[in-house]
Amino acid sequence: MEQRGAHQPTPPPAWKPRTDPAPLLPDPEPYRVLGTDEADRTDPALLLKLYGELVRGRRYNAQATALTKQGRLAVYPSTVGQEAAEIAAALVLQEQDWLFPSYRDTLAAVARGLDPVQALGLLRGDWHTGYDPREHRIAPLSTPLATQLPHAVGLAHAARLKGDDVVALAMVGDGGTSEGDFHEALNFAAVWKAPVVFLVQNNGFAISVPLAKQTAAPSLAHKAVGYGMPGRLVDGNDAAAVHEVLSEAVRRARAGQGPTLVEAVTYRMDAHTNADDATRYRTDAEVEAWRAHDPVALMERELTGRGLLDEDGIQAARDAAEDFAAGLRERMNQDPVLDPMDLFSHVYAEQTSQLREQAAQLRAELEAEQESR
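Overview of the structure. Given the structure is predicted, the values throughout are model-derived calculations rather than measurements.

Bringing the overall build of the protein chain into the picture now. Of the regular secondary structure elements, the protein chain holds 13 helices and seven strands. On the principal axes, the C-alpha backbone points of the protein chain span a range of 100 × 65 × 45 Å. Going through the 373 residues of the protein chain one by one, you find that 46% of them count as buried. Expressed as a percentage of contacts within the protein chain between residues at least 6 apart in sequence, the contacts between residues at least 24 apart total 76%. Averaged over its 37 positive side-chain charges, the protein chain has a centre that lies 5 Å from the centre of its 54 negative ones.

Here you go:
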């Protein structure tokens, strides 16, 4: 018989860490390559590849912005200033891997090989996604914030269960980290050790809301520790650094070591979209300070300083980017051929009676209009 009040053994303490948090913590400063000794150990061919893509990406942003002013795009969320993270995200993936972009990440999709006209289909308002996600291994560009993250985890986990060599890279902005989908995705990914990499492009603002009004965490990369995955902090304007950090995260995921959260510290030099007035919540001086850390200029300075790039090389990259923009402009200036009956396609495998009725009504209206001409 146990005596009342006698000492009872206690269960293991619930507060005891399930894993050592120290290796999961990000460095106190963003990791950099350009302008450091690490640049000397980086493959020159990779640096030149990154530079060419950065120059093309900057021209792509300028052309897409111009298309909104010409009425060819309904809206365009520019990535001027963020090209380094966009390009690196596309280049670290293998053909069988999947990219899960947000609405701002059309440049990443184009850098992965997607036709730029198709990449802009959603923003043009044509129909559906604008491309076949399975063909390109690029998930639909997502306008709702962070909803693509749980999808990336699900795909990555399913691929691992099937034994497929697939890694998913999911992109999100700093504003998206305040969404419930972000937290759910990270938690499931860590518990399942899913082969997925989360790339947060911290550009300072969720539309007009500065980061300080979203989170009190030391950095967004620190959030990784709460879920049991490594957090990495990188200079998001240093294309070589972002490529190196993401490459390591993809290698970890592919080797079965689970997910990584990477925060790329960057800046949105343009407004949130062409419909936004950024002067209402930030100063010109702030933008100009970030222009001194322009990702294209950083890479160009590194390459010219090391004798890997001269004026002819610079001009060749600009000419190639201009040819790319001219082709995009010409094709976007052609009116798309749209079939109103597509409204009823790809909604249900078997149309409901209501949809059949509505389709018949629209078809009759279109035929009557055609006969009256």
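Anyway, onward from the coordinates.
This part takes up the environment of L161. Inspection of the secondary structure assignment puts L161 in helix 7 (residues 148-162). You can call L161 exposed: its relative accessible area is 62%. Measuring from C-alpha to C-alpha, the distance between L161 and S372 comes to 59 Å, with 211 residues separating the pair along the chain.

Counting buried residues in strand 2 (residues 168-173) gives five out of six residues, a clear majority hidden from the surface. Pairing of strand 1 (residues 98-100) with strand 2, which is carried by three bridges, proceeds in the parallel orientation. Counterpart to F100 in the pairing with strand 2 is A170. Sheet topology places strand 2 next to strand 3 (residues 196-202); six bridges connect them, and they run parallel. Bridge pairing in strand 3 links V172 to V200. For the crossover that starts at strand 2, traverses helix 8 (residues 180-192) and ends in the parallel strand 3, the hand is right-handed.

Once that is clear, we can look at the nonpolar core. Core analysis: the largest hydrophobic core is formed by 64 residues, its most contacted members being Y51, L169, V197, L246 and M299. Ranked by residues supplied to this core, first place goes to helix 9 (residues 239-254) with nine residues. Filtering out sequence-adjacent residues up to four positions away, L246 remains in contact with A88, A89, V92, L169, V197, L199 and V262. Counting 26 residues, the second largest nonpolar core, distinct from the first, contains V172, A189, M229 and L261.

What follows deals with the sheet that holds strand 1. Pairing within the open sheet is parallel, and its five strands lie in the order 1-2-3-7-6. Where the open sheet ends on each side, the last strands, each with one partner, are strand 1 and strand 6 (231-235). On average, each strand axis in the sheet is inclined to that of its neighbour by 20°, with strand direction left out of account. The strands touched by helix 7 are strand 1, strand 2 and strand 3; relative to strand 2, the strand with the most contacts, the crossing angle is about 170°. Against the sheet, helix 9 engages strand 2, strand 3, strand 6 and strand 7 (260-265), with an angle of about 155° to strand 3.

Take a nonpolar patch on the surface next. Side chains of F188, V191 and W192 sit close together on the surface and give an oily, nonpolar patch of about 300 Å² of accessible area. Mapped onto the secondary structure, V191 falls in helix 8. When its relative accessible area of 60% is taken as the criterion, V191 is described as exposed.

Before going further, it helps to examine the packing of aromatic side chains. Here the structure, examined in full by the defined rule, presents six aromatic pairs. Ring centres of W98 and F100 lie 6.0 Å apart, and the angle between their planes is 35°; on these two criteria the pair is classed as tilted. Of the two residues, W98 and F100, both sit in the buried class. Plain terms: the ring middles of F205 and Y281 are 5.3 Å apart, the flat faces sit at 50° to each other, and that makes the pair tilted. In this pair, F205 is assigned in strand 4 (residues 205-206) and Y281 in the loop between strand 7 and helix 10 (284-291), connecting sequence segments 76 residues apart. When sorted by exposure, F205 lands in the same class as Y281, which is buried. Following the ring pairs from residue to residue traces out a cluster consisting of Y60, Y76 and F324.

Structurally, the position occupied by L54 is in helix 1 (residues 44-69). Since its relative accessible area comes to 0%, L54 is described here as buried. Counting along the chain gives 82 residues from L54 to H136, while the straight-line C-alpha distance between them is 21 Å. Contact partners of L54, with chain neighbours within four places excluded, come to E83, A84, I87, A239, P295, V296 and M299.

Cut-offs and rules
- Residues numbered from 1 in each chain as written.
- Predicted model: local features only at pLDDT ≥ 70, side-chain atom pairs only at ≥ 80, totals over all residues.
- Heavy atoms only, no water.
- Helix = DSSP H or I, 4+ residues; strand = E, 2+ residues; numbered from the N terminus.
- Buried < 20%, exposed > 50% of the residue type's maximum accessible area, 1.4 Å probe, protein only.
- Contact = heavy atoms within 4.5 Å.
- Lys, Arg positive; Asp, Glu negative; His and termini not counted.
- Charge placed at Lys NZ, Arg CZ, Asp CG, Glu CD.
- Pairing = 2+ DSSP bridges.
- Right-handed = clockwise from strand over helix to strand, strands pointing away.
- Core = buried A, V, L, I, M, F, W, Y, C linked by side-chain atoms within 4.5 Å.
- Axes fitted to C-alpha atoms, helices over the stretch in contact; angles between N-to-C directions.
- Patch = residues over 30% accessible without salt bridge, like charges linked within 9 Å, V, L, I, M, F, W, Y side chains within 5 Å.
- Areas by Shrake-Rupley, 256 points an atom, 1.4 Å probe, with all protein chains shown as cover.
- Salt bridge = Lys/Arg side-chain N within 4 Å of Asp/Glu carboxyl O.
- Phe/Tyr/Trp six-rings, centres within 6.5 Å; stacked < 30°, edge-to-face > 60°.

Any functional reading would require information that these geometric values do not contain.
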